[in-house]
Amino acid sequence: MPTTARTADLLAEVLRLDPPVRATRRVTVDEVRLGGRELPAGSPVLLRFDAANRDPQAFTEPATFRPGRPDAGQLTFGTGERGCPGDRHALALATGVLDVLRERCRRGPTPMSYEPHPTLRVPTTLEVSGR
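Residues numbered from 1 in each chain as written. Predicted model: local features only at pLDDT ≥ 70, side-chain atom pairs only at ≥ 80, totals over all residues. Heavy atoms only, no water.

(A) Structural detail: the overall build of the protein. Helices and strands together make up the secondary structure of the protein, namely 3 helices and 8 strands. In the protein, the succession of helices and strands from N to C terminus is α-β-β-β-β-α-α-β-β-β-β. In terms of principal-axis extent, the alpha carbons of the protein reach across some 60 × 30 × 25 Å. Looking at the protein as a whole, 19% of its 131 residues qualify as buried. Carbon and sulfur atoms make up 57% of the accessible area of the protein, which amounts to about 9,300 Å² in all. Within the protein, the 16 negative side-chain charges are centred at a point lying 4 Å from the centre of the 19 positive side-chain charges. (Helix = DSSP H or I, 4+ residues; strand = E, 2+ residues; numbered from the N terminus. Buried < 20%, exposed > 50% of the residue type's maximum accessible area, 1.4 Å probe, protein only. Areas by Shrake-Rupley, 256 points an atom, 1.4 Å probe, with all protein chains shown as cover. Lys, Arg positive; Asp, Glu negative; His and termini not counted. Charge placed at Lys NZ, Arg CZ, Asp CG, Glu CD.)

Structure, rendered in structure tokens:
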């Protein structure tokens, strides 16, 4: 990974491959055909962002970490009328924090650990030190 990659591009690619919210549930309003199956209205559906962001029909080389990829659209924040209303704000804040970390800090030797949760990926520790 080149160190000259823009922070926003790095963040977009990390969020595509390793989203903090991996899945959400929805309920069908009408009868719908999904994945070759008929689902009646009122059916629960699990939407997997981590899988959708690796769809080879949407992303060239979906398992490859490529900051700045031209097909960078992702579903990490949802989309359409159910999309996150604060996605741009969250990305701007995260980009600012990461810019400071990249400029002033280096990662410590302790591996990151995560809260045990089936659909969330929340770090419990991130060790850094000043440069």
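(B) Up close: the packing of aromatic side chains. If you walk through the whole model with that rule in mind, you get 0 aromatic pairs. Its end group placed over the ring of F59, R16 keeps NZ or CZ at 4.9 Å from the ring centre. If you follow R121 out to its NZ or CZ, it ends over the ring of Y114, 3.6 Å from the centre. (Phe/Tyr/Trp six-rings, centres within 6.5 Å; stacked < 30°, edge-to-face > 60°. Lys NZ or Arg CZ within 6 Å of the ring centre and 35° of its normal.)

(C) Here's a closer look at the environment of R107. Tracing the chain through its elements places R107 in strand β5 (residues 105-107). Between the alpha carbons of R107 and G130 there is a distance of 9.0 Å; along the sequence they are 23 residues apart. Other than its neighbours up to four places away in sequence, R107 contacts M112, L126, E127 and V128. (Contact = heavy atoms within 4.5 Å.)

(D) A look at the environment of N53. You can see N53 is positioned in the loop between α2 (49-52) and α3 (87-104). For the pair N53 and R22, spaced 31 residues apart in sequence, the C-alpha to C-alpha distance is 10.0 Å. Contacts of N53, omitting those with residues within four sequence positions, involve L15, R16, P19, F59, Q74, L75 and T76.

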